[in-house]
Amino acid sequence: METRLILFGPPGVGKGTQAKLLAEHFGIPHFSTGDILRAAVAAGTELGKKARTIMDAGKLVPDDIMINLVREALASSRAAKGFILDGFPRTLEQAKALSVIFRDLKILRFHVVNFEVDDEEIIRRLDNRLICPKEGKIFNLEFDSLEKGGQCPSCGVPLVQREDDKPETVRERLRIYHATTKVVVDFYKQQGVVMTVDGTGTVDVVNREIRMML
Ligand code: G5P
Ligand code: MG
C-alpha cells in the first residue's frame, strides 16, 4: 500500500531528519518545500530571488507560490507510489489547497505526523544545527561529534549554518508557527488523520515511534 505522509510541526522539531530516514525506509521521495526554496535561492532563479529575503527574515513565502510548487511535485511520476511532504501545508489556505490537489490526484489515504517539542529545546537545536550545502544532510553539534567550521563526514564539504537559524530569526519563525501554522493541525484532527509524536527523544527513538504508529 502507498505511504503518504505529511510531517508537521514547528521549525527544528526534526521533520527533515525523520523525512530522510522514512523516505529511505519506505523507498519513496521526500519533498521538503524549504529544501526546494533553498535550492532555488542557491541557483539564483526568479523563485529564489523572490524567496530569499522572505526566508532570511523567517517569514512565509506567499501561498500561491507554495501551492503551485507542491502541486507540481505531487503530480510528478516520482510521487505515484507515495511521498513524504515536509514543511507544507503551513497555513489553512495551503491545507485547503492540498485537499483539492489530493482530490484531483484521487488520493484518499494519508497521515499527518505531528511532532511536538517545546520552544526552548527548538532554539537550542537550531543553534547547534549544521547542514551540508551539497547533500542537504542535517547534523547537530550536540550529538554528531562535529565542530563549527567542520566538514561533512560523507562528502568533505564545509558544513554551514542556515541563514535563518540566527536566534532572532528562529524566534520570528516560532512566532509565525504559533500564530499561523499551528491551527492547521486542527484541520487534520477533524479528519481523523493525525498521529502525534513526542519529538524530544533521540533521532532513533523518534524514528521507531513513528514506524510503530504507522
Ligand atoms: P523549512 O526548511 O521547512 P522549518 O522551519 O519548517 O524550515 P526546519 O528548520 O527545517 O523546519 P526541521 O526540518 O523540523 O526544521 O528539523 P531538522 O533539520 O530535522 O532538525 C533540527 C535539528 O535538530 C538538527 O540539528 C537535527 O540534527 C536535530 N534533531 C532532529 N531530530 C532530532 C531528534 O529526534 N532528537 C534530537 N535531540 N535532535 C534532533 O522552511 C524554511 C523557510 O522556507 C519557507 C519559509 O520562509 C520558512 O521559514 N517555507 C515556506 N513558506 C511558506 N509556506 C511553506 N509551506 C513553506 N515551506 C518553506
Ligand atoms: Mg527541515
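This text goes with the structure placed above it.
Everything numeric in this text was worked out from a predicted model, so none of it was measured.

1. Quick look at the overall build of the protein
At step 1: A count of helical and extended segments in the protein gives nine helices and seven strands.
At step 2: In the protein, which comprises 214 residues, the share counted as buried stands at 47%.
At step 3: Working note: accessible area of the protein is about 11300 Å², and carbon and sulfur atoms make up 52% of it.
At step 4: Taken as two groups, the 31 positive and 30 negative side-chain charges of the protein have centres that lie 5 Å from each other.

2. Some words on the environment of Cys-152
At step 1: Within the element layout of this structure, Cys-152 appears in the loop between strand E6 (138-140) and helix H7 (167-181).
At step 2: Assessed through its relative accessible area of 3%, Cys-152 is described here as buried.
At step 3: In the structure, Cys-152 is positioned 21 residues away from Ile-131 in sequence and 8.1 Å away in space, judged by C-alpha atoms.
At step 4: Once residues lying within four places of it in the same chain are set aside, the contact partners of Cys-152 are Cys-132, Glu-135, Phe-139, Val-157 and Leu-159.

3. Focus on the sheet that holds strand E2 (residues 30-32)
At step 1: Reading across from one edge, E2-E3-E1-E4-E7 is the order of the five strands in this open sheet, with parallel pairing throughout. Each having just a single partner strand, E2 and strand E7 (194-198) make up the two edges of the open sheet. Neighbour-to-neighbour, the strand axes of this sheet turn through a mean angle of 20°, independent of strand direction.
At step 2: By the bridge criterion, five bridges tie strand E1 (residues 3-8) to strand E3 (residues 82-86) in an arrangement that is parallel. Note on E3: the bridge partner recorded for Ile-6 is Leu-85.

4. Quick look at a nonpolar patch on the surface
At step 1: Taken together, the side chains of Leu-21, Phe-143 and Val-203 make up a nonpolar region of the molecular surface, amounting to roughly 250 Å² of accessible area.
At step 2: By secondary structure assignment, the location of Leu-21 is in helix H1 (residues 15-26).
At step 3: Of the residues examined, Leu-21 reaches a relative accessible area of 34% and is grouped as partly exposed.

5. Digging into helix H6 (residues 119-127)
At step 1: Restricting attention to buried positions, one finds in H6 the residues Glu-121, Ile-122, Arg-125 and Leu-126. The buried residues of H6 all sit within an arc of 130° when viewed along its axis, so they share a single face.

6. Thoughts on the environment of Val-194
At step 1: With respect to the element layout, Val-194 can be found in strand E7.
At step 2: Considering only alpha carbons, one finds Val-194 and Phe-8, 186 residues apart in sequence, at a separation of 9.5 Å.

7. Observations concerning the side chain of His-30
At step 1: The topology assignment puts His-30 in strand E2.
At step 2: Looking at His-30, its side chain comes within polar contact range of the side chain of Asp-86, at 2.9 Å.
At step 3: Among residues more than four places away in sequence, those in contact with His-30 are Gly-16, Ala-19, Lys-20, Ala-23, Asp-35, Ile-84 and Asp-86.

8. What to know about the side chain of Asp-164
At step 1: Its location among the elements puts Asp-164 in the loop between E6 and H7.
At step 2: A distance of 3.0 Å separates the side chain of Asp-164 from the side chain of Arg-162, its partner in a polar contact.
At step 3: Excluding anything up to four places from it in sequence, Asp-164 contacts Met-55, Thr-169, Val-170 and Arg-173.

9. Considering the environment of Met-55
At step 1: Tracing the chain through its elements places Met-55 in helix H3 (residues 46-56).
At step 2: On the basis of relative accessibility, which here comes to 12%, the residue Met-55 falls in the buried class.
At step 3: Once residues within four sequence positions are removed from consideration, Met-55 is found in contact with Gly-34, Leu-37, Arg-38, Val-41, Val-61, Asp-164 and Thr-169.

10. Some points on the pairing of E3
At step 1: Most of E3 sits out of view: five of its five residues are buried.
At step 2: Here E3 shows a buried face lined by Gly-82, Ile-84 and Asp-86 and a second buried face lined by Phe-83 and Leu-85.
At step 3: Pairing of E2 with E3 involves three bridges; the strand directions are parallel. Counterpart to Ser-32 in the pairing with E3 is Asp-86.

11. Structural notes on the pattern of salt bridges
At step 1: Applying the stated criterion to the full structure yields 16 salt bridges.
At step 2: Note that Asp-104 and Arg-71 form a salt bridge whose closest N and O atoms lie 3.6 Å from each other. Taken as a pair, Asp-104 in helix H5 (residues 92-104) and Arg-71 in helix H4 (residues 63-75) lie far apart in primary sequence, 33 residues in all.
At step 3: Take Asp-104: its relative accessible area is 41%, and that puts it in the partly exposed class.
At step 4: Residue Arg-71 is classed as partly exposed on the basis of its relative accessible area of 33%.
At step 5: The salt bridge partner of Arg-175 is Glu-172, with a shortest N-O separation of 2.9 Å. A residue pair is termed a helical-turn pair when its members lie 3 or 4 positions apart in one helix, as Arg-175 and Glu-172 do in helix H7 at three residues.
At step 6: Exposure remark for Arg-175: the relative accessible area of 47% places this residue in the partly exposed category.
At step 7: Glu-172 gets classed as buried once you look at its relative accessible area, which sits at 15%.
At step 8: Where salt bridges share partners, they join Arg-129, Arg-162, Asp-164, Asp-165 and Arg-173 into one cluster.

Cut-offs and rules
- Residues numbered from 1 in each chain as written.
- Chains lettered and ligands numbered in written order.
- Predicted model: local features only at pLDDT ≥ 70, side-chain atom pairs only at ≥ 80, totals over all residues.
- Heavy atoms only, no water.
- Helix = DSSP H or I, 4+ residues; strand = E, 2+ residues; numbered from the N terminus.
- Buried < 20%, exposed > 50% of the residue type's maximum accessible area, 1.4 Å probe, protein only.
- Areas by Shrake-Rupley, 256 points an atom, 1.4 Å probe, with all protein chains shown as cover.
- Lys, Arg positive; Asp, Glu negative; His and termini not counted.
- Charge placed at Lys NZ, Arg CZ, Asp CG, Glu CD.
- Contact = heavy atoms within 4.5 Å.
- Pairing = 2+ DSSP bridges.
- Axes fitted to C-alpha atoms, helices over the stretch in contact; angles between N-to-C directions.
- Patch = residues over 30% accessible without salt bridge, like charges linked within 9 Å, V, L, I, M, F, W, Y side chains within 5 Å.
- Salt bridge = Lys/Arg side-chain N within 4 Å of Asp/Glu carboxyl O.
- Arc of directions from axis to C-beta.
- Polar contact = N/O pair within 3.5 Å; in protein donor to acceptor, adjacent residues only side chain to side chain.

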